Amino acid sequence: MTREQPAVPEAVGPAVSEAVEPAVPEAVESAVPDRGTVRLALTVGGLVLALLAGFGLGRVNGGGAPPVGAGARPVTSTSDHSHPPGTGPHEHPAGVPGGGAEPGGLSLSGSGHTLVPTTTTLTAGRKQDFRFQVRGPDRKAVTGYAVVHEKPLHMIVVRRDLSGYQHLHPTMATDGTWSVPLTLPAPGVWRAYADFTALDGTGGQLPLTLGVDLVVAGDYTPRALPAAAREAGVDGFTVTYEGTPQVGASQPLLFRIFSGGNPVTALQRYLGAYGHLVVLREGDLGYVHVHPETELAGGAVKFWLALPSSGRYRMYFDFQVAGEVRTAEFTLTVP
């Protein structure tokens, strides 16, 4: 899901203190502070204004996420790439720094960065180490990443019929090669998304989601997308959502978890939040990753979601109870 405040310009103080002072008539000279006092007041005032300007810029830029990569230790954090800790919900429509309505993950390349897997062919039902690099504009592997929601990179894998959803967290070697154990249970074409925030040489942050197709050979029968519904069951839990997503306008969505007909009150934080929501568009599998408000809203996990277009979507809501993460899935139709 980390910038320094600008330094105070050295020329501010001297420039003010050396300004030409107007002559003061003798009749009022006694009522005006002496020139040394005026010079001191102007100098202090200039420094105060410069410091306030620097603080304002720091607030606009926001606190950043801690870095991970060569020369830096991974640091756990719940802050996001473009928001200070405690900021409300936001989306990761990757490829568009700072967010927006356009989905990410539609290309393996964006903003000069390219997702480069060692292979795109896997065997059904076999656990394999899936390896890849993210290469920057210099064609070298990127090794500096911001920690966003406790991880430097989130990987989402789903078959192109929107079944078989997985939320994974690869690990990175010192040479910038990521790896993660991956089992694709059935034949078909699968989509793998790498959701991350890269750091440039100056500490700047670039949030991206890059996607690549993975092929699993064998007989493939696409699964029909389930009908739209506001209730889903998973492992004995019932999950419902309230709210009506719209195109291009953020709308609230509230997810509630029940067990045995009773609200679950022991919901645990997962990756620093009470839930995570991935939304994929049917057809091109455009990707939006949404994080919720920091606290529950009347027992519900509250997100703000804006969709890029009309059509059908599949929503994947991750939540954790008793140390186990589960995913409730919903089909959404947007006119």
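For the structure itself, consult the block above.
Residues numbered from 1 in each chain as written. Predicted model: local features only at pLDDT ≥ 70, side-chain atom pairs only at ≥ 80, totals over all residues. Heavy atoms only, no water.

Q: I'd love a proper account of the overall build of the protein, names of residues and values included.
A: What the protein contains, in helices and strands, is three helices and 24 strands. Relative to its full complement of 335 residues, the protein shows a buried share of 43%. As displayed, the protein offers around 16,300 Å² of accessible surface, 55% of which is attributable to carbon and sulfur atoms. (Helix = DSSP H or I, 4+ residues; strand = E, 2+ residues; numbered from the N terminus. Buried < 20%, exposed > 50% of the residue type's maximum accessible area, 1.4 Å probe, protein only. Areas by Shrake-Rupley, 256 points an atom, 1.4 Å probe, with all protein chains shown as cover.)

Q: Break down the pattern of salt bridges for me, with residues and values.
A: In total, this model carries 11 salt bridges according to the counting rule given. The residue aspartate 235 makes a salt bridge to arginine 326 at a minimum N-O spacing of 3.4 Å. Remark: arginine 326 occurs in strand E24 (residues 324-334) and aspartate 235 occurs in the loop between strand E14 (231-234) and strand E15 (237-242); sequence separation between them is 91 residues. With a shortest N-O distance of 3.3 Å, glutamate 329 and arginine 314 are connected by a salt bridge. Taken as a pair, glutamate 329 in strand E24 and arginine 314 in strand E23 (residues 311-321) lie far apart in primary sequence, 15 residues in all. One salt-bridge network, held together by shared partners, links Arg160, Arg191 and Asp213. (Salt bridge = Lys/Arg side-chain N within 4 Å of Asp/Glu carboxyl O.)

Q: Summarise the sheet that holds strand E4 (residues 113-117); cite the residues concerned and give the values.
A: A sheet is described by the order of its strands in space; here five strands give the open sequence E3-E4-E6-E11-E10, paired in antiparallel fashion. Sheet topology places strand E3 (109-110) and strand E10 (171-172) at the edges, where each strand pairs with a single neighbour. Here six bridges tie strand E6 (residues 128-135) to strand E11 (residues 177-182), and the two strands are oriented antiparallel to one another. Each bridged residue has a counterpart across the sheet, and for aspartate 129 the counterpart in E11 is proline 181. (Pairing = 2+ DSSP bridges.)

Q: How would you summarise unusual backbone geometry if you had to cite specific residues and measurements?
A: Most peptide bonds are trans, and most residues other than glycine sit at a negative phi. Non-glycine residue glutamate 150 carries a positive phi angle of around 75°. Checked against the element boundaries, glutamate 150 lands in the loop between strand E7 (145-146) and strand E8 (153-159). Take glutamate 150: its relative accessible area is 28%, and that puts it in the partly exposed class.

Q: Quick one: what's the story with the nonpolar core, residue by residue and with numbers?
A: If you look at the biggest cluster of nonpolar residues, it comprises 28 residues, and the most contacted ones within it are Phe255, Leu277, Met315, Phe317 and Phe319. Every element with two or more residues in this core is listed here: E14, E15, strand E17 (251-259), strand E20 (276-281), strand E21 (287-291), strand E22 (301-307), E23 and E24. No other element matches E23, which puts five residues into this core. Ignoring sequence-local partners within four residues, the contact set of phenylalanine 317 consists of Val239, Phe255, Ile257, Gly275, His276, Leu277, Val301, Phe303, Arg326, Thr327 and Ala328. (Core = buried A, V, L, I, M, F, W, Y, C linked by side-chain atoms within 4.5 Å. Contact = heavy atoms within 4.5 Å.)

Q: Describe the packing of aromatic side chains, listing the residues and the values that go with them.
A: Given two aromatic rings, one states the distance between the centres and the angle between the planes to describe the pair. In this structure the tally under the stated criterion is 14 aromatic pairs. An aromatic cluster of three or more residues is present, and its members are Phe237, Tyr241, Phe255, Phe303, Phe317, Phe319 and Phe330. (Phe/Tyr/Trp six-rings, centres within 6.5 Å; stacked < 30°, edge-to-face > 60°.)

Q: Go over the pairing of E21, please, and point to the residues and values.
A: For E21, the buried fraction is high: five of the five residues fall into the buried class. Neither face of E21 is open: one carries Tyr287, His289 and His291, the other Val288 and Val290, and all of them are buried.

Q: An account of the environment of valine 189 is requested, with residue identities and associated values reported.
A: Within the element layout of this structure, valine 189 appears in strand E12 (residues 188-199). You can call valine 189 partly exposed: its relative accessible area is 31%.

Q: Quick rundown of the pairing of strand E13 (residues 205-216)? Include the residues and the values.
A: Of all 12 residues in E13, 10 are buried, a share of seventy percent or more. Taken together, the two bridges between strand E5 (residues 121-122) and E13 define a ladder with parallel strand orientation. Bridged to leucine 122 within E13 is valine 216. Taken together, the 12 bridges between E12 and E13 define a ladder with antiparallel strand orientation. The residue bridging glycine 188 from the neighbouring strand is valine 216, located in E13. Between E12 and E13, which pair antiparallel one after the other, the connecting turn spans five residues, and glycine 203 there sits at a positive phi close to 90°.

Q: Hey, could you go over the side chain of serine 163 for me, with residue numbers and the actual values?
A: Residue position: serine 163 is located in the loop between E8 and strand E9 (166-168). Separated by 2.6 Å, the side chains of serine 163 and aspartate 161 make a polar contact. Those residues within four positions of serine 163 in sequence are excluded, and the remaining contacts are Val158, Trp190 and Arg223. (Polar contact = N/O pair within 3.5 Å; in protein donor to acceptor, adjacent residues only side chain to side chain.)

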